[in-house]
Amino acid sequence: MAACVSRLELSVRCRCLLDRDLGSRSDPLCVLLQDAGGGRWAGGRGGAGGLQGGGLDRTERIKNCQDPEFSKKLVVDYYFEKVQRLKFGVYDVDNKTFDLSDDDYLGGIECTLGQVVSSSVFTRPLELKEGKPAGKGTITISAEEIKDTRVVYLEIEAQNLDKKDFLGKSDPFLEFYKQSDAGTWQLVYRSEVIKNNLNPCWRKFSVPLQTFCGGDFNKPIKVQCADHDSDGSHDLIGVAHTTLAQVQTAGPDSPVEFECIHPEKKQKKKSYKNSGIIRIKSCKIETEYSFLDYVMGGCQINFTVGVDFTASNGDPKSPDSLHYISPDGINEYLVAIWSVGSVVQDYDTDKLFPAFGFGAQVPPSWQVSDEFALNFNPSNPYCQGIQGIVDAYRQVLPQIRLYGPTNFSPIINHVARFAAHSMQQGTAAHYFVLLIITDGEITDLDQTRQAIVNASKLPMSIIIVGVGEADFKAMEFLDGDNGVLKSVTGEPAARDIVQFVPFRQFRNAPREALSQVVLAEVPKQLVSFYKWHGWPPLKPPEIKTM
């Protein structure tokens, strides 16, 4: 199962709703449903009107209003790697029953959550059923992530800690605890151990503000310093109590100091002062942006497809070829394009996707091409929507000769040129995702390694889907999951940008399973790139303090 990226609050307002009440205006309420597959909607049953069940979530009811702005937000979990189909239904509620099947339907819409989060304002006309407008009624939905993105950065040292080891000095480490509402202490951070040192300086660390103190600057924090023993029987050196409000004042010229107190020693000895001093050298609270901050702030995800047309795929006219289109109109290449493209297309406003082939002899000269436009228009290789890529693929198949070699580097370098150009703006405006679909017999491994290492410094990610039964060892090597990918000269990739998946693992799985696996890493890769460069979203979110 994919990991939930985040939780969203959806704000809803409507304009010009139909008037169903005699003598007064409608009393509208909005309900949210989510597609559960197989024609079923999670949270309810029934057709356009007459909803049975309560819905996934619903707003409050507003009396006598044709232009409602609902204050109750609709909450939904968001997954980048899924197409999440939603249905919003607006009802005129004139009774006290929770069931909406006996209430008048004022119209609704179907859309994807991706469409909502990638639009700054998402407005659509309400429909009573497909193709039948609900008068002049419209619905506007906006999304906001439920989160506190602030992070606490701390630099800490200690002085004159008690010596705990018989033969040497102490091996101190720190533990930070926050107090729960029930009064218990919950560990939020443990530092590294510094060997044989009574005046340690620990490395700078960060903890999400939510984790550190639940966003409450006055929540009690306990700092515990102990001497590390390899058998696990660590000896307490001392404890200090503070709050983030106190710690926050620390800076280079004004460190915040606490006495490290050992409770038993303090009880036993009247002359006991402390077991050392803990000094907060600096405390900074910074905002860390999420994937949704970038997308909702205006970042476009540009999607490019590269298709392997080498002879090892087999003659497309033969049923055992990987390019053979079955009687029901599909093959593994088409399924990969559809499943990945259907998710990514919501994040690109113009829906124009460049699509290329490689490894074929192309008319009219029948020269081998490492990179040709699927639509045979090199000056404008863009296809309209995912359907446009599919149509171009189907049309090009009978016109080319499958040949070789299987070179990835030209198409990676092609997308990298666009990524490098967009990077010159110095803003988080464009991120590039390249999908390469291949039967796996890569020829230019060394050049591809270099191309990936170069691309790792750019705003781009590469997804490789391997079709057929080949040995994909080279692809797994490029994925870099077993260590950092390096070029032939030994230069390491700046970050991991390649995700490889063999299609055969998904042959009998639901179609959306492939996209969920191959796209799960993209949000992290996008955020890591912009964080590395220190680029905020084009329109940063307003930070709401708790």
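Residues numbered from 1 in each chain as written. Predicted model: local features only at pLDDT ≥ 70, side-chain atom pairs only at ≥ 80, totals over all residues. Heavy atoms only, no water.

Q: Account for the overall build of the protein, naming residues and giving values.
A: The helix and strand inventory of the protein stands at 12 helices and 27 strands. In terms of overall dimensions, the protein has a C-alpha envelope of 90 × 80 × 40 Å along the principal axes. Out of the 546 residues belonging to the protein, those deemed buried represent 51%. Across the protein, the fraction of contacts at a sequence separation of at least 24, relative to all contacts at a separation of at least 6, is 72%. Surface summary for the protein: the accessible area is close to 25500 Å², and the carbon and sulfur share equals 49%. A gap of 5 Å separates the mean positions of the 58 positive and 68 negative side-chain charges of the protein. (Helix = DSSP H or I, 4+ residues; strand = E, 2+ residues; numbered from the N terminus. Buried < 20%, exposed > 50% of the residue type's maximum accessible area, 1.4 Å probe, protein only. Contact = heavy atoms within 4.5 Å. Areas by Shrake-Rupley, 256 points an atom, 1.4 Å probe, with all protein chains shown as cover. Lys, Arg positive; Asp, Glu negative; His and termini not counted. Charge placed at Lys NZ, Arg CZ, Asp CG, Glu CD.)

Q: I'd like to hear about the pattern of salt bridges, residue by residue, with values.
A: Going through the model one piece at a time under the given rule, you end up with 15 salt bridges. Notably, a salt bridge pairs Arg-507 with Glu-332, separated by 2.7 Å at the nearest N-O pair. Separated by 175 residues along the polypeptide, Arg-507 in the loop between β27 (498-502) and α11 (511-519) and Glu-332 in helix α6 (residues 332-344) bring together distant segments of the chain. You can call Glu-332 buried: its relative accessible area is 16%. (Salt bridge = Lys/Arg side-chain N within 4 Å of Asp/Glu carboxyl O.)

Q: Go over the side chain of Glu-175 with me, naming the residues and quoting the values.
A: Residue placement: Glu-175 occurs in strand β11 (residues 172-179). A distance of 2.7 Å separates the side chain of Glu-175 from the side chain of Arg-190, its partner in a polar contact. Beyond its immediate sequence surroundings of up to four residues, Glu-175 is in contact with Leu-187, Tyr-189, Arg-190, Lys-222, Val-223 and Gln-224. (Polar contact = N/O pair within 3.5 Å; in protein donor to acceptor, adjacent residues only side chain to side chain.)

Q: Explain the domain arrangement of the protein to me, using residue names and the numbers behind them.
A: The domain architecture assigned to the protein consists of domain 1 (6-146), domain 2 (150-287) and domain 3 (303-533). Centre-to-centre, using C-alpha coordinates, domain 1 lies 50 Å away from domain 2. (Domains from an automatic or database assignment.)

Q: With reference to specific residues and values, describe helix α12 (residues 522-533).
A: With 12 residues, α12 extends 17 Å from end C-alpha to end C-alpha; this agrees with the ideal 16 Å at 1.5 Å per step. Of the positions making up α12, those classed as buried are Val-522, Pro-523, Gln-525, Leu-526, Val-527, Phe-529 and Tyr-530. Directly beyond the C-terminal end of α12, a positive phi value near 70° is found at Gly-534. (Expected span 1.5 Å × (residues − 1).)

Q: Quick one: what's the story with the sheet that holds strand β14 (residues 221-227), residue by residue and with numbers?
A: Pairing is antiparallel in the open sheet, where 4 strands are placed in the order β12-β11-β14-β15. Whereas interior strands pair on both sides, the edge strands pair on one side only; in this sheet they are β12 (185-190) and β15 (235-242). Adjacent strand axes in the sheet meet at a mean angle of 30°, parallel and antiparallel pairs treated alike. Summarising the sheet, β11 and β12 pair through 5 bridges and their orientation is antiparallel. Directly across from Phe-176, in β12, lies its bridge partner Tyr-189. (Pairing = 2+ DSSP bridges. Axes fitted to C-alpha atoms, helices over the stretch in contact; angles between N-to-C directions.)

Q: If you had to explain the pairing of strand β8 (residues 122-129) to someone new, which residues and values would you point to?
A: Pairing analysis gives 6 bridges linking β8 to strand β9 (residues 132-145), with the strands arranged antiparallel. Counted as the bridge partner of Thr-123 is Thr-140 from β9.

Q: So what's going on with the packing of helix α8 (residues 409-423) against helix α9 (residues 445-455)? Which residues, and what values?
A: Interaxial distance between α8 and α9 falls to 9 Å at its minimum, and their mutual angle equals 15°. The angle between α8 and α9 falls in the class roughly parallel. In terms of crossing hand, the pair formed by α8 and α9 is left-handed. Touching Ser-409, Ile-412 and Asn-413 of α8 are Gln-447, Thr-448, Ala-451, Ile-452 and Ala-455, all from α9. Here the contact of α8 with α9 is built from residues that sort into 4 nonpolar, 4 polar and no charged. (Parallel < 35°, antiparallel > 145°, perpendicular 65-115°, else oblique. Left-handed = near helix turned anticlockwise from the far one by under 90°. Nonpolar A, V, L, I, M, F, W, Y, C, P; charged D, E, K, R; others polar.)

Q: I'd like a rundown of the packing of aromatic side chains, residues and numbers included.
A: Scanning all chains against the criterion turns up 22 aromatic pairs. Ring centres of Phe-309 and Phe-372 lie 5.8 Å apart, and the angle between their planes is 35°; on these two criteria the pair is classed as tilted. Linking Phe-309 in the loop between β18 (300-308) and α6 with Phe-372 in strand β22 (residues 372-373), this pair joins segments that are 63 residues apart in sequence. Judged by relative accessible area, which is 6%, Phe-372 ranks as buried. Taken together, Tyr-289, Tyr-294, Tyr-431, Phe-529, Tyr-530, Trp-532 and Trp-535 form an aromatic cluster joined through their ring pairs. The side chain of Lys-82 reaches across the aromatic face of Tyr-79, ending 4.2 Å from its centre. (Phe/Tyr/Trp six-rings, centres within 6.5 Å; stacked < 30°, edge-to-face > 60°. Lys NZ or Arg CZ within 6 Å of the ring centre and 35° of its normal.)

Q: Go over the packing of α6 against α11 with me, naming the residues and quoting the values.
A: Where α6 meets α11, the closest approach of the two axes is 9 Å, and the angle between their N-to-C directions is 65°. Crossing angle aside, the handedness with which α6 passes α11 is right-handed. On α11, the residues touching Val-335, Ala-336, Trp-338, Ser-339, Val-340, Val-343 and Val-344 of α6 are Arg-511, Leu-514, Ser-515, Val-518 and Leu-519. By residue class, the composition of the contact of α6 with α11 is 9 nonpolar, 2 polar and 1 charged.

Q: Explain the nonpolar core residue by residue, including any values.
A: Core analysis: the biggest nonpolar cluster contains 120 residues, and Leu-10, Phe-88 and Phe-309 have the highest contact counts within it. For this core, the leading source of residues is α6, giving 8 residues. Residue contributions to this core reach at least three from each of two domains, namely domain 1 (6-146) and domain 3 (303-533). Counting residues in hydrophobic clusters, the runner-up holds 31 residues, among them Ala-158, Leu-174, Val-247 and Ile-280. (Core = buried A, V, L, I, M, F, W, Y, C linked by side-chain atoms within 4.5 Å.)

Q: Explain the pairing of β27 residue by residue, including any values.
A: Along β27, 5 of the 5 residues are buried, which leaves the element largely enclosed by surrounding structure. On β27, burial covers both faces: Val-498, Phe-500 and Pro-502 on one face and Gln-499 and Val-501 on the other are all buried. Alignment of strand β26 (residues 460-466) against β27, held across 5 bridges, turns out to be parallel. Bridge assignment links Gly-466 to a residue of β27, and that residue is Pro-502.

Q: Can you lay out a nonpolar patch on the surface for me, pointing to particular residues and giving the numbers?
A: Taken together, the side chains of Leu-352, Tyr-382 and Phe-418 define a hydrophobic patch exposed on the protein surface, amounting to about 260 Å² of accessible area. Looking at Leu-352, the relative accessible area reads 32%, which means it is partly exposed. (Patch = residues over 30% accessible without salt bridge, like charges linked within 9 Å, V, L, I, M, F, W, Y side chains within 5 Å.)

Q: Could you give an account of the confidence of the model for the protein, with specific residues and numbers?
A: Looking at the protein, the pLDDT average stands at 90 and 96% of residues meet or exceed 70. Residue range residues 45-52 is modelled with pLDDT below 50. Its contacts to residues more than four positions away, or to other chains, number 21 contacts. (pLDDT = per-residue confidence, 0-100.)

Q: Lay out the state of the cysteines with the relevant residues and their values.
A: Under the definition given, this model contains 0 disulfides. Not part of a disulfide, Cys-201 finds its nearest cysteine sulfur in Cys-225, a span of 13 Å. (Disulfide = S-S within 2.5 Å.)

Q: Now, about the environment of Ala-182: what can you tell me, with residues and values included?
A: For Ala-182, the position within the fold is in the loop between β11 and β12. Spatially, the C-alpha atoms of Ala-182 and Asp-77 are 28 Å apart, while their sequence positions differ by 105 residues.

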